Amino acid sequence: NAGVMQNPRHLVRRRGQEARLRCSPMKGHSHVYWYRQLPEEGLKFMVYLQKENIIDESGMPKERFSAEFPKEGPSILRIQQVVRGDSAAYFCASSPDREWAFFGQGTRLTVV
Amino acid sequence: QQQVKQSPQSLIVQKGGISIINCAYENTAFDYFPWYQQFPGKGPALLIAIRPDVSEKKEGRFTISFNKSAKQFSLHIMDSQPGDSATYFCAAGGANNLFFGTGTRLTVIP
């Protein structure tokens, strides 16, 4: 029973490039959450998705960020035209029932 | 606006001592209060969680105390061990997401 799988673990992008972060939830989990963590800070909610639907994106920046959770395949967090301020650890969590969220190991994005 | 306030920011405890971390929340609609443990370079791991219909929950050396009227909850780690040294986050759950505290860095010294 594999846990939440995120890849890549580390991602380096130049300013202006696109970053794609992938998250495969635990088997049987249909709820996916994305969080961002800056150094020495807590986790900030970004978006909550169920299969093919965005339920709550109140924490997502209005521009350049998008997320999807297709019927087949992993959830994707996409950041277009990255800037230095996007450098952070991005965590995905999955849940079978909107609670008891289990987190992945995170993707550490560095924008140079 | 910080939905969940956590203190202290850092904590140093002797091995065998009790570690206590406190959190306060604002929104009375929250109905799920988990604690997460995070080691450097790792994702947060669910440690223990409580619902507001109980005042205390214990799992091994970890206990959550919950005070609904004060909108506060705390984590107690009994017989703290060096292996408990990590960052601890409290969270409060609403309908669609979890709001996290800013974390407490616990160091247990031998």
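Preceding this paragraph is the structure being described.
Bear in mind that the values here come from a model prediction, so they are computed numbers and not experimental data.

On to the interface of chain A and chain B, then. Across the boundary between the two partners, chain A contributes 23 residues, which contact 20 residues of chain B. With both sides pooled, the region where chain A packs onto chain B buries about 1,800 Å², and carbon together with sulfur makes up 50% of that total. If you look at where chain A meets chain B, you find zero salt bridges. Remark: the boundary between chain A and chain B carries four residue pairs in polar contact (both at pLDDT 80 or more). Those elements that place two or more of their residues in the side of chain A that touches chain B are β4 (31-37), β5 (43-50), β6 (53-56) and β10 (102-103) of chain A.

Turning our attention to the state of the cysteines. Note on terminology: a disulfide is the covalent bond linking the sulfur atoms of two cysteines. Tallied over the full model, the rule gives two disulfides over all chains. Residue Cys23 of chain A pairs covalently with Cys92 of chain A via a disulfide, S to S 1.8 Å. What sets the handedness of the Cys23 of chain A and Cys92 of chain A disulfide is the S-S torsion sign, and at about -50° it is left-handed. A residue pair is termed long-range when its members are at least 10 positions apart, and Cys23 of chain A in strand β3 (residues 19-24) and Cys92 of chain A in strand β9 (residues 88-95) qualify at 69 residues. A relative accessible area of 0% means that Cys23 of chain A is categorised as buried. The partner cysteine of Cys23 of chain B in its disulfide is Cys90 of chain B, sulfur to sulfur 1.8 Å. The sign of the -95° torsion about the S-S bond sets the Cys23 of chain B-Cys90 of chain B disulfide as left-handed. Residue Cys23 of chain B is found in strand β3 (residues 19-25), and its partner Cys90 of chain B is found in strand β9 (residues 86-93); the two are separated by 67 residues along the sequence.

Time to look at the environment of Arg22 of chain A. All names here are of chain A. Secondary-structure assignment places Arg22 in strand β3. With relative accessibility at 31%, the residue Arg22 sits in the partly exposed group. Considered as a pair, Arg22 and Leu77 are 55 residues apart in the sequence and their alpha carbons are 6.5 Å apart. A polar side-chain atom of Arg22 sits 2.9 Å from a polar atom in the side chain of Asn7.

As a further point, take the pairing of strand β5 (residues 45-50) of chain B. All names here are of chain B. As paired strands, strand β4 (residues 33-38) and β5 are joined by five bridges and run antiparallel to one another. Within β5, the position partnered with Tyr36 by the bridge is Leu46. Connecting β4 to the next strand, β5, in antiparallel fashion are six residues, including Gly41 with a positive phi near 80°.

Definitions and cut-offs
- Residues numbered from 1 in each chain as written.
- Chains lettered and ligands numbered in written order.
- Predicted model: local features only at pLDDT ≥ 70, side-chain atom pairs only at ≥ 80, totals over all residues.
- Heavy atoms only, no water.
- Contact = heavy atoms within 4.5 Å.
- Buried area = accessible area lost by both parts, 1.4 Å probe.
- Salt bridge = Lys/Arg side-chain N within 4 Å of Asp/Glu carboxyl O.
- Polar contact = N/O pair within 3.5 Å; in protein donor to acceptor, adjacent residues only side chain to side chain.
- Helix = DSSP H or I, 4+ residues; strand = E, 2+ residues; numbered from the N terminus.
- Disulfide = S-S within 2.5 Å.
- Buried < 20%, exposed > 50% of the residue type's maximum accessible area, 1.4 Å probe, protein only.
- Pairing = 2+ DSSP bridges.

In short, the description is geometric, and any link to function would need to be established separately.
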